[in-house]
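Here's the letter readout for the chains.
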Amino acid sequence: MDNKKAEAAVGHNIEPALTGEKEILEAELLFANKELAFQDVEIESRAAELIIANKELVYQNEEKEKRAAELFIANKELVFQNEEKEKRAAELIVANKELAFQNEEKEKRAAELVVANRELAYQNEEKEKRAAELIIANNELAFQNEEKEKRAAELSLANQELKTAQDAIRKLNDELEQKVIQRTTQLETANKELGSFSYSVSHDLRAPIRAINGYTKILEEDYADKLDSSGLAILHSILRNSTKMGNLIDDLLAFSKLGRKEVTHCAIDMNELVRLVKDELLFETGENIPEYIMIDLPDARGDQSLIKQVWINLISNAIKYSKHKKHTSIEIGGFLKDGKIVYYVKDQGAGFDMQYYDKLFGVFQRLHSQEEFDGTGIGLAIVEKIVRRHNGNVWAESTVNEGACFYFSLPVIDVEKSY
Amino acid sequence: MNYDNVEILFVEDSADDAMLTIRALGKSGFTNKLLHVKDGTEAIDFLYCKGIYTTRNSKTQPRLILLDLKMPKVSGMQVLEKVKSDPDLKSIPVVILTSSSEDPDIARCYALGANSYIVKPVESDNFFNAIKEIGLYWMVLSQSDNL
């Protein structure tokens, strides 16, 4: 570069030299020469310096390359370390999270423990209270136990007394049972005796009466023309009386049979039974046909044939004792009263004097004369006996010449219990 | 009496009852063929042709036996038992006559095969009618059996 500059300067100086300025030019050339020589020296020193500098630069370059290599290695090392650090950082983040989670869990657990602790504390208090109560209860039990032991001792004593009493009762019971067996046997014997007595009575009493009645009848049939009117009247009296005696014996036997007859229980359609009784009644010519007022009858349980006899007797009586009235009106009804079924037969007949009420249901007791109303006086006794055997009652009320009302009651029988 | 013509054998110890019964049966026209024996022994003798009845023809038997129950020695029940257990005699109708409906033997009589029983009524009209009717009934019935 310095050379090029020098050439440019020369060319410029040639132009003014045309006018004679060769000397200046020469001086200048000289100078320039000198200058150039100097510059050359300078360049050479500069080159030397440059070489040195170059060497220095090369050295420096080498140093720099060494340093770069070192840096490169260091860089790799740093990269590696960096990666390690990043890995470690990631691990730390994970570990951190884990710790944070564990921390939360521990806090929760701690909170729970606090709660549990309180609960335990509460329970502890309760247990202490309970223990206190138990101690009280225990004392109470101990007291009661003592009382019970006392009581047990008393009971033991009472038990012994009871056992003694029981033994006595058992002994009495055994004796009683023996007595019952004995009495039952006696009763059975008496019953059998009564049965054979009834048979004898009916057999042995009936036979002679039958003979009296039969022979009198023959007398009447075969010898009527040989007797006058008073003789015939006597024959009629004998016939009537012997017939009545036969009836009395039959009634008495029927009555005594009632006491021995087993009473059975079955459902009775009372309306139907009374209808049957009314239908079976026989009337003689000229007799009043009764006018019935029927009130619906409750059903009952009992011995149908016996209860039928009760209705027959009561209705027949109502008809019989109404025979002197113009009309016969009979009311038949029933109702429930005080847990019993009550039936009644009410007539407007002769009635009876309540003064003699106690004789009304007696055997062979009559409140009317034979001439007024015939009968043996057994009908109401039979009614009473049948009703009594059904655990019922009979009663009556009357006003003389206005009529009578006869009642009988039967218990309401629970079918479930009786079967 | 010709014992081979007997249609009704009447066994009755009571003379009174016998008299009344025979009178009742007489009204039905049966008495001429009726034999009255006074106890069970005689009834058995008649039926088996023994004693005073040895000459009787055993082929002909009565068509009806009227039998009183209460008799001395052999009772009506014993006669009934014998008759009803004999194959040759058991077809003869036997009507039991008793004085009482209380008679404990009535049920047993039926069990032994008695055909009917009559409780002799006290009242004479009833008595006559009962005997008449039962006699008529069984005589007519046994007659139709034989035809």
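In short, a report on the structure. (Residues numbered from 1 in each chain as written. Chains lettered and ligands numbered in written order. Predicted model: local features only at pLDDT ≥ 70, side-chain atom pairs only at ≥ 80, totals over all residues.)

## With respect to the overall build of chain B
Right, so step 1: From N to C terminus, chain B includes five helices and five strands.
Right, so step 2: Its helices and strands taken in sequence order, chain B reads β-α-β-α-β-α-β-α-β-α from the N to the C terminus.
Right, so step 3: Burial status across chain B gives 39% buried among its 147 residues.
Right, so step 4: Of the contacts formed within chain B by residues at least 6 apart in sequence, a portion of 65% connects residues at least 24 apart. (Helix = DSSP H or I, 4+ residues; strand = E, 2+ residues; numbered from the N terminus. Buried ≥ 20, exposed ≤ 12 C-beta atoms within 10 Å, placed from the backbone. Contact = placed C-beta atoms within 7 Å.)

## Quick look at the interface of chain B and chain A
Right, so step 1: With 16 residues of chain B at the contact, the number on the chain A side is 17 residues.
Right, so step 2: Within the residue set of the side of chain B that touches chain A, elements represented by two or more residues are helix 1 (15-26) and helix 5 (124-146) of chain B.
Right, so step 3: Per-class residue counts for the side of chain B that touches chain A are four nonpolar, four polar and eight charged. (Nonpolar A, V, L, I, M, F, W, Y, C, P; charged D, E, K, R; others polar.)

## Some thoughts on the packing of helix 3 (residues 229-260) of chain A against helix 6 (residues 379-389) of chain A
Residues and elements named next belong to chain A.
Right, so step 1: It is the contact of helix 3 with helix 6, at a shortest axis distance of 10 Å, that shows an interaxial angle of 5 degrees. Considering the angle they form, helix 3 stands roughly parallel to helix 6. Between helix 3, through Ala254, Phe255, Leu258 and Gly259, and helix 6, the contact on the second element is made entirely by Ala381, Ile382, Lys385 and Ile386.
Right, so step 2: Residues that form the contact of helix 3 with helix 6 fall into these classes: six nonpolar, one polar and one charged. (Axes fitted to C-alpha atoms, helices over the stretch in contact; angles between N-to-C directions. Parallel < 35°, antiparallel > 145°, perpendicular 65-115°, else oblique.)

## Here we look at the pairing of strand 4 (residues 94-98) of chain B
Residue and element names in this part refer to chain B.
Right, so step 1: Counting buried positions over the five residues of strand 4 gives five, a clear majority of the element.
Right, so step 2: Side chains Val94, Ile96 and Thr98 of strand 4 all project onto a buried face; the interleaved residues Val95 and Leu97 project onto the opposite face, where all are buried too.
Right, so step 3: Two elements, strand 3 (residues 64-68) and strand 4, share four bridges in a ladder whose sense is parallel. Opposite Ile65, over in strand 4, you have Val94 as the bridge partner.
Right, so step 4: For the crossover that starts at strand 3, traverses helix 3 (residues 76-84) and ends in the parallel strand 4, the hand is right-handed.
Right, so step 5: Pairing analysis gives four bridges linking strand 4 to strand 5 (residues 116-119), with the strands arranged parallel. Bridging from a neighbouring strand, Thr98 pairs with Val119 of strand 5. (Pairing = 2+ DSSP bridges. Right-handed = clockwise from strand over helix to strand, strands pointing away.)

## Remarks on unusual backbone geometry
Residue and element names in this part refer to chain A.
Right, so step 1: A positive phi angle, near 60 degrees, is found at Asn391, a position not held by glycine.
Right, so step 2: Inspection of the secondary structure assignment puts Asn391 in the loop between helix 6 and strand 6 (394-399).
Right, so step 3: Residue Asn391 is classed as partly exposed on the basis of its C-beta count, with 13 C-beta atoms lying within 10 Å.

## A word on helix 4 (residues 270-280) of chain A
Residue and element names in this part refer to chain A.
Right, so step 1: Within the sequence span of helix 4, burial applies to Met270, Val274 and Val277. One face of helix 4 carries all of its buried residues, which in axial projection span an arc of 55 degrees. Among the exposed residues of helix 4, those oriented more than 90 degrees off its buried face are Glu272, Asp279 and Glu280.
Right, so step 2: Looking at the buried side of helix 4, the elements it contacts are strand 1 (266-268), strand 3 (300-302), helix 5 (304-320) and strand 4 (329-337). (Arc of directions from axis to C-beta.)

## Focus: the nonpolar core
Right, so step 1: Val310(A), Trp311(A), Leu314(A), Ile315(A), Val345(A) and Val383(A) are the most contacted members of the largest nonpolar core, which has 35 residues in total.
Right, so step 2: Beyond its immediate sequence surroundings of up to four residues, Leu314(A) is in contact with Val345(A), Val383(A) and Phe406(A).
Right, so step 3: Core analysis: the second largest hydrophobic core is formed by 34 residues, Val11(B), Leu20(B), Phe46(B) and Leu97(B) among them. (Core = buried A, V, L, I, M, F, W, Y, C linked by C-beta atoms within 7 Å.)

## Focus on the environment of Gly375(A)
Residues and elements named next belong to chain A.
Right, so step 1: Turning to its location among the elements, Gly375 is positioned in the loop between strand 5 (340-347) and helix 6.
Right, so step 2: Using a count of 19 C-beta atoms within 10 Å as the deciding quantity, one classes Gly375 as partly exposed.
Right, so step 3: Separated by eleven residues in sequence, Gly375 and Phe364 place their C-alpha atoms 9.1 Å apart.

## A few points about the sheet that holds strand 2 (residues 291-294) of chain A
Residue and element names in this part refer to chain A.
Right, so step 1: Pairing is mixed in the open sheet, where five strands are placed in the order 2-4-5-7-6. Unpaired on one side and paired on the other, strand 2 and strand 6 mark the two borders of the sheet. Geometrically, the sheet is characterised by an average inter-axis angle of 15 degrees between neighbouring strands, direction not taken into account.
Right, so step 2: Where strand 5 meets strand 7 (residues 403-411), seven bridges bridge the pair, whose relative direction is antiparallel. From the neighbouring strand, Lys340 faces strand 7, where its bridge partner is Pro411.

## Some remarks on the packing of helix 4 of chain A against helix 5 of chain A
Residue and element names in this part refer to chain A.
Right, so step 1: Following both chains from N to C, one finds helix 4 and helix 5 inclined at 55 degrees, their axes separated by 10 Å at the closest point. If you check the angle between helix 4 and helix 5, you find them oblique. When the axes of helix 4 and helix 5 are compared, the crossing they make is right-handed. The residues of helix 5 that touch helix 4, namely those facing Leu273, Val274, Val277 and Lys278, are Gln304, Ile307, Lys308, Trp311, Ile312 and Ile315. (Left-handed = near helix turned anticlockwise from the far one by under 90°.)

Functional significance is not addressed by these values, which are geometric in nature.
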